[in-house]
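Residue-level structure breakdown
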Amino acid sequence: MNKKSIFSLILAVGLCAATFAANTVGVYKSNAVASYYADKFHGRKTANGEIFDMYALTAAHKSLPFNTMVKVTNLDNGKSVVVRINDRGPFVAGREIDVSKAAASKLGMLSEGTAHVSLQILGEKENPVSATPVAAKSEELDFTTAQHWDVQLAAFSSRMNAEIFAKKAQRSGIKNLAYQTTKDVTRVIIRDLATEEVAPLLELLESKGYTDYLVKERRD
C-alpha cells in the first residue's frame, strides 16, 4: 500500500470515528483538558462560517461535526455547561476542546485557563443564524440607550423546526412567543419588551435552560 492510500485510509477511519461519536449519545471523553478562547477571536469567523461570540455557549473541537451539542463537566468542581460545536481547535497538544468565555465562566475555569473535564455528547442542533452587529448578549447591552427590546430565543432555516421549538418553549412556561420570518430564516422571539421587563424575562429563560438567547434593541 503506497503512502497516498495509507493517508486516505487514515482519513476515512477518522471521519467515520467522528461521525460515530457525534451520533452516539453518551460519554465521549471521561478525562480531557479544556481551555477557552475569547477577546482576541471575538467577532472573527469560525470554521463553520459563523461569527465567534465569546458570550455564546459554543466550542471548538478538532473532529466532532459542527452543531454537535456537548455537555462539558469540570471534574474539579462539578460545574457543567452545554456547548455547541461551531469551530475547529484547540491546536495545542494535549487539549481536547476550546470553549467560549461564557462557557468557561459557567465551568469556573476563567482564572486557571484550563480544566480537566468530561465530555458527553447530547445530539445535534440545527445550525442557528449568526448574530448581526445589533444583536448582543445582555452582558454587552446598555439598557439606558433604548426603551424597547426583542429577545431572540433561536433561529432556524426550517419553519417547522421553529414551530416545534416554540411549542416546547410554551409548554415550559415561556409566553408571548412570535415568529420573525425572512426569505431564509425563521426566528423565534419575544417582541417589544419594555426595559424593565427584560431582566425578569432573562431570569425566567435562564431558569428554564434557555441560555443561548440574544437581546436586540428594537428599531421599528
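Throughout what follows, the structure given in this document is the object of discussion. All figures in this text were calculated on a predicted structure; none of them were measured in a lab.

Moving on to unusual backbone geometry. Geometrically, the link from Gly 89 to Pro 90 is a cis peptide bond, its omega value of -5° lying close to zero. Relative to the assigned elements, Pro 90 resides in the loop between strand E4 (80-87) and strand E5 (97-100). The backbone of Asn 67 sits at a positive phi, close to 80°, despite the residue not being glycine. Position of Asn 67 among the secondary structure elements: in the loop between strand E2 (58-61) and strand E3 (68-74). The phi dihedral of Asn 176 falls on the positive side, at around 60°, and the residue is not glycine. Tracing the backbone shows Asn 176 in the loop between helix H3 (159-171) and strand E9 (177-181).

This model, assessed by the stated rule, comprises four aromatic pairs. Ring geometry for Tyr 37 and Phe 41: centres 5.6 Å apart, planes at 65°, overall edge-to-face. Assessed through its relative accessible area of 9%, Tyr 37 is described here as buried. Since its relative accessible area comes to 33%, Phe 41 is described here as partly exposed.

Mapped onto the fold, Ser 35 is located in strand E1 (residues 26-37). Side chain to side chain, Ser 35 and Asp 98 meet in a polar contact 2.4 Å long. Aside from chain neighbours lying at most four places away, what touches Ser 35 is Pro 90, Arg 95, Ile 97, Asp 98, Val 99, Met 109, Gly 113 and Thr 114.

Turning our eyes to something else, we now look at the pairing of strand E8 (residues 148-156). A large share of E8 lies buried, amounting to eight of its nine residues. Here E8 runs beside strand E10 (residues 186-194); their pairing, made up of seven bridges, is antiparallel. By the bridge assignment, Val 151 is partnered in E10 with Ile 190. Sheet topology places E8 next to strand E11 (residues 214-217); four bridges connect them, and they run antiparallel. Across the sheet, the residue bridging to Val 151 is Val 215, located in E11.

Cut-offs used in this document
Residues numbered from 1 in each chain as written. Predicted model: local features only at pLDDT ≥ 70, side-chain atom pairs only at ≥ 80, totals over all residues. Heavy atoms only, no water. Helix = DSSP H or I, 4+ residues; strand = E, 2+ residues; numbered from the N terminus. Phe/Tyr/Trp six-rings, centres within 6.5 Å; stacked < 30°, edge-to-face > 60°. Buried < 20%, exposed > 50% of the residue type's maximum accessible area, 1.4 Å probe, protein only. Polar contact = N/O pair within 3.5 Å; in protein donor to acceptor, adjacent residues only side chain to side chain. Contact = heavy atoms within 4.5 Å. Pairing = 2+ DSSP bridges.

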